[in-house]
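# Overview (structure and organization)
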Amino acid sequence: MKILHVDRNHPLMLEQLQAYGFQNEEDYTSTKSEIEKKISNYDGLIIRSRFTIDQTFLDAATNLKFIGRLGAGLENIDTMYAKKKGIQLFSAPEGNRNAVGEHALGMLLSLFNHLRRADQEVRNGIWRREENRGLELEGKTVGLIGYGNMGKAFAKKLRGFDCEVIFYDLKEGIANEDAQQVSLQELQERAEVLSLHTPLTRLTENMIDSDFIASFKKPFWLINTARGKSVVTQDLVEALKSGKILGAGLDVLEYEKSSFEHLFSDQHQLPKAFQYLIEADHVLLSPHIAGWTIESKEKLAQTIVDKIKQKF
């Protein structure tokens, strides 16, 4: 079986697939249309996020038996059409769930203890202790939306903090020893921290808007290591200004798929909501790296290799 790799990954993937008898070919530079013209020559495709796998591409992939995506989700693949054509889809949420859990926890602790602001102040010769007095996680109620691989990993990290962890998920009966499953209404009544762990779907796109935020009984902290388009940035900013949201840790942004770096070519063209996030000292930003660790790079590759080997 011939496999085309269009994104660079951990070298173990190429090594192990070759050892199992697969033929690897690499193409990290051709455009999507160029790949589309030759994809019929391959039985398998390994991709991360370089381009979208749509119906036109899948129609051209007449011999494709599987697609392996080195990531937690399959949002860049038309999954319904792929399955209709009998193409097996592999993702690897098991590979970076621990990294995401640790990153979410790091963001939350940094926000609670004002580490971004305190660090900048000390570097500038400012020594303010009372103004930077922090909060403790102990006794707080942390609410999660989404309790798959990522949600479970974060809940596991919270076990040693003596806080209460609750979650809402469309699937019923998936609670474990780390968290209690509740209705969305109960989560909004009790949560003091909200952490998102959902894929991007028609239900989750723009989910965190002004109405959703207003439904929370208490002011809360927001952590988003899931998908940027699940949060309406303008509504988030208004809630940060009003104090309804006390602070936010954002590893993902709704702007990231629109040439993020180009936003900075003209500072006057920056969206006003994004400008606020950049300047706010109760907001932490990172470039979609929650699942992006040295260890997860290896784990993601190994997970996909194992799934391919098991099936083929």
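Refer to the structure printed above.
It is worth spelling out the environment of Lys-152 at this point. Locating Lys-152 in the fold gives a position in helix α7 (residues 149-157). Each C-alpha atom of the pair Lys-152 and Arg-97 lies 8.4 Å from the other, and the pair is 55 residues apart in sequence. Setting aside residues up to four positions removed in sequence, Lys-152 forms contacts with Tyr-147, Ile-174 and Asn-176.

Let us look at the sheet that holds strand β4 (residues 66-69). Taken in spatial order, the 5 strands make up an open sheet running β2-β1-β3-β4-β5, and their pairing is parallel. The open sheet is flanked by β2 (23-26) and β5 (88-90), the only strands paired with a single partner. Between one strand axis and the next, the sheet turns through 20° on average, direction left out of account. Taken together, the 4 bridges between strand β3 (residues 44-47) and β4 define a ladder with parallel strand orientation.

Take the environment of Gly-146 next. For Gly-146, the location among the structural elements is in the loop between β6 (141-145) and α7. Placed 51 residues apart in sequence, Gly-146 and His-197 show a C-alpha to C-alpha distance of 4.8 Å. Setting aside its immediate chain neighbours within four residues, Gly-146 contacts Gly-151, Tyr-168, Asp-169, His-197 and Thr-198.

Right, let's talk about the nonpolar core for a bit. Core analysis: the biggest nonpolar cluster contains 32 residues, and Leu-194, Leu-196, Leu-222, Leu-236 and Leu-277 have the highest contact counts within it. Mapped by element, the contributors of at least two residues to this core are β9 (193-196), α9 (210-214), β10 (220-224), α10 (233-242), β11 (245-250) and α11 (272-279). Among the elements that line this core, the one with the most residues is α10, at 4 residues. If sequence neighbours within four positions are ignored, Leu-194 has contacts with Gly-143, Ile-145, Leu-187, Ile-208, Phe-212, Phe-216, Phe-220, Trp-221, Leu-222 and Ile-223. Listed in part, the 22 residues of the second largest apolar core include Met-107, Leu-111, Val-193 and Ile-223.

We now examine the packing of aromatic side chains. Across all of its chains, the model carries 9 aromatic pairs by this definition. Look at Phe-51 and Phe-57: their rings are 5.7 Å apart centre to centre, the planes differ by 45°, and that puts the pair in the tilted class. Like Phe-57, Phe-51 is buried. Ring geometry for Tyr-255 against Phe-274: centres 5.1 Å apart, planes inclined by 40°, an arrangement best described as tilted. Taken together, the residues span a long stretch of sequence, with Tyr-255 in the loop between β11 and α11 and Phe-274 in helix α11 at a distance of 19 residues.

Summarising burial for β11: 5 of the 6 residues are buried, a large majority. Taken together, the 5 bridges between β10 and β11 define a ladder with parallel strand orientation. Among the inter-strand pairings, Phe-220 is bridged to a residue of β11, identified as Ile-245. Regarding topology, α10 serves as the crossover connection from β10 to the parallel β11, and that connection is right-handed. Sheet topology places β11 next to strand β12 (residues 283-285); 3 bridges connect them, and they run parallel. Its bridge partner being in β12, Gly-249 is matched across the sheet by Leu-284.

Further remarks concern the pairing of β6. Counting buried residues in β6 gives 5 out of 5 residues, a clear majority hidden from the surface. Where burial is concerned, the two faces of β6 agree: the one with Thr-141, Gly-143 and Ile-145 and the one with Val-142 and Leu-144 are both buried. Bridge analysis of β6 against strand β7 (residues 164-168) gives 5 bridges, and the strand direction is parallel. Looking across to β7, one finds that Gly-143 is bridged to Ile-166. Direction of pairing for β6 relative to β9: parallel, over a ladder of 4 bridges. Looking at the pairing, Leu-144 lines up with Ser-195 of β9.

Definitions and cut-offs
- Residues numbered from 1 in each chain as written.
- Predicted model: local features only at pLDDT ≥ 70, side-chain atom pairs only at ≥ 80, totals over all residues.
- Heavy atoms only, no water.
- Helix = DSSP H or I, 4+ residues; strand = E, 2+ residues; numbered from the N terminus.
- Contact = heavy atoms within 4.5 Å.
- Pairing = 2+ DSSP bridges.
- Axes fitted to C-alpha atoms, helices over the stretch in contact; angles between N-to-C directions.
- Core = buried A, V, L, I, M, F, W, Y, C linked by side-chain atoms within 4.5 Å.
- Buried < 20%, exposed > 50% of the residue type's maximum accessible area, 1.4 Å probe, protein only.
- Phe/Tyr/Trp six-rings, centres within 6.5 Å; stacked < 30°, edge-to-face > 60°.
- Right-handed = clockwise from strand over helix to strand, strands pointing away.

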